[in-house]
Amino acid sequence: MTIDGESIRTPRLVLRPWSIEDAPQALRIFGDESVTRWLSPAMTRVSTQESMAQLIESWLEAPPLGPAGRWAVTRAADDRLLGGVAVLPLPPGRADLEVGWQLDPAAWGLGYAAEAGHAVAHHAFEAGADELFAVVRPRNTRGARTATSIGMEWVGETEKYYDLRLQVYRLRKGELDAPRLPGA
């Protein structure tokens, strides 16, 4: 993994800043109910290209806060937009940082979400974060698998975030890339 200015490169991906020109391809992802059903209330389904462009514009206007940020996830081989990954403060207190990912269903099951999440975890820890969380709805088994693939541990359930009962996964700085014993 390399960080080149505002972009992060992995063996298969380039995580780069969003662009308004991404709106048509981003709508394919953020307009898909199978993706956005897991994002509400933090984000709802986007229905038009104009709305998607406005949303991307709002992401670009938000000032960067330390390790927090949003990146477009593109495939390095052909620059195809696969989705997005973010490190953002969790409501209500905004003290905890969440890593989140949203991918085109055509890219599910190929390890891209875990690869992107792992890369932004490195970025966040290098920028000063001590721990990251992923919050996953109980029936979102794909999201839970991705969190554990990044190296996160399940720490329980809470209603602290988004006023929903959510599964919480945590990754501490010293645990990233640490070898794990089978069954541990």
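Note that the structure is predicted; figures quoted are calculated from it, not measured.

All right, on to the side chain of Arg170 then. As for its placement among the helices and strands, Arg170 is situated in strand β9 (residues 166-172). It turns out Arg170 is buried and unbridged, and the closest side chain with the opposite charge, Glu131, is 4.2 Å from it. Those residues in contact with Arg170 that lie beyond four places of it in its chain are Glu131, Leu132, Phe133, Met152, Glu153, Val155 and Glu175.

When the charged atoms of two side chains with opposite charge come close together, those side chains can pair. A complete count under the given rule lists nine salt bridges for this structure. Measuring nitrogen to oxygen at the nearest pair gives 3.4 Å for the salt bridge that ties Arg80 to Asp104. Pair noted here: Arg80 is in the loop between β4 (69-75) and β5 (81-89) and Asp104 is in the loop between β6 (97-103) and α4 (112-126), with a separation of 24 residues, a long-range link. Judged by relative accessible area, Arg80 falls into the partly exposed class, the value being 34%. We classify Asp104 as buried; its relative accessible area is 7%. Between Asp96 and Lys160 there is a salt bridge, and its shortest N-O distance comes to 3.1 Å. Taken together, the positions of Asp96 in the loop between β5 and β6 and Lys160 in the loop between β8 (153-158) and β9 put the pair 64 residues apart, joining distant regions of the chain. Asp96 gets classed as buried once you look at its relative accessible area, which sits at 16%. Exposure remark for Lys160: the relative accessible area of 47% places this residue in the partly exposed category.

On average, the protein chain scores 90 in pLDDT, and the residues at 70 or more come to 93%. For the protein chain, per-element mean pLDDT is lowest for strand β1 (residues 2-4), which scores 62, and highest for strand β3 (residues 13-16), which scores 97.

The next thing to look at is unusual backbone geometry. Put simply, Pro91 and Pro92 share a cis peptide bond, and its omega is 5°. Turning to its location among the elements, Pro92 is positioned in the loop between β5 and β6. One non-glycine residue, Asp79, lies in the positive phi region at around 65°. Counting through the fold element by element, Asp79 comes out in the loop between β4 and β5. For Asp163, which is not glycine, the phi torsion reads 55° and is therefore positive. Mapping Asp163 onto the fold places it in the loop between β8 and β9. Judged by relative accessible area, Asp163 falls into the exposed class, the value being 71%.

About the thresholds
- Residues numbered from 1 in each chain as written.
- Predicted model: local features only at pLDDT ≥ 70, side-chain atom pairs only at ≥ 80, totals over all residues.
- Heavy atoms only, no water.
- Helix = DSSP H or I, 4+ residues; strand = E, 2+ residues; numbered from the N terminus.
- Buried < 20%, exposed > 50% of the residue type's maximum accessible area, 1.4 Å probe, protein only.
- Lys, Arg positive; Asp, Glu negative; His and termini not counted.
- Salt bridge = Lys/Arg side-chain N within 4 Å of Asp/Glu carboxyl O.
- Contact = heavy atoms within 4.5 Å.
- pLDDT = per-residue confidence, 0-100.

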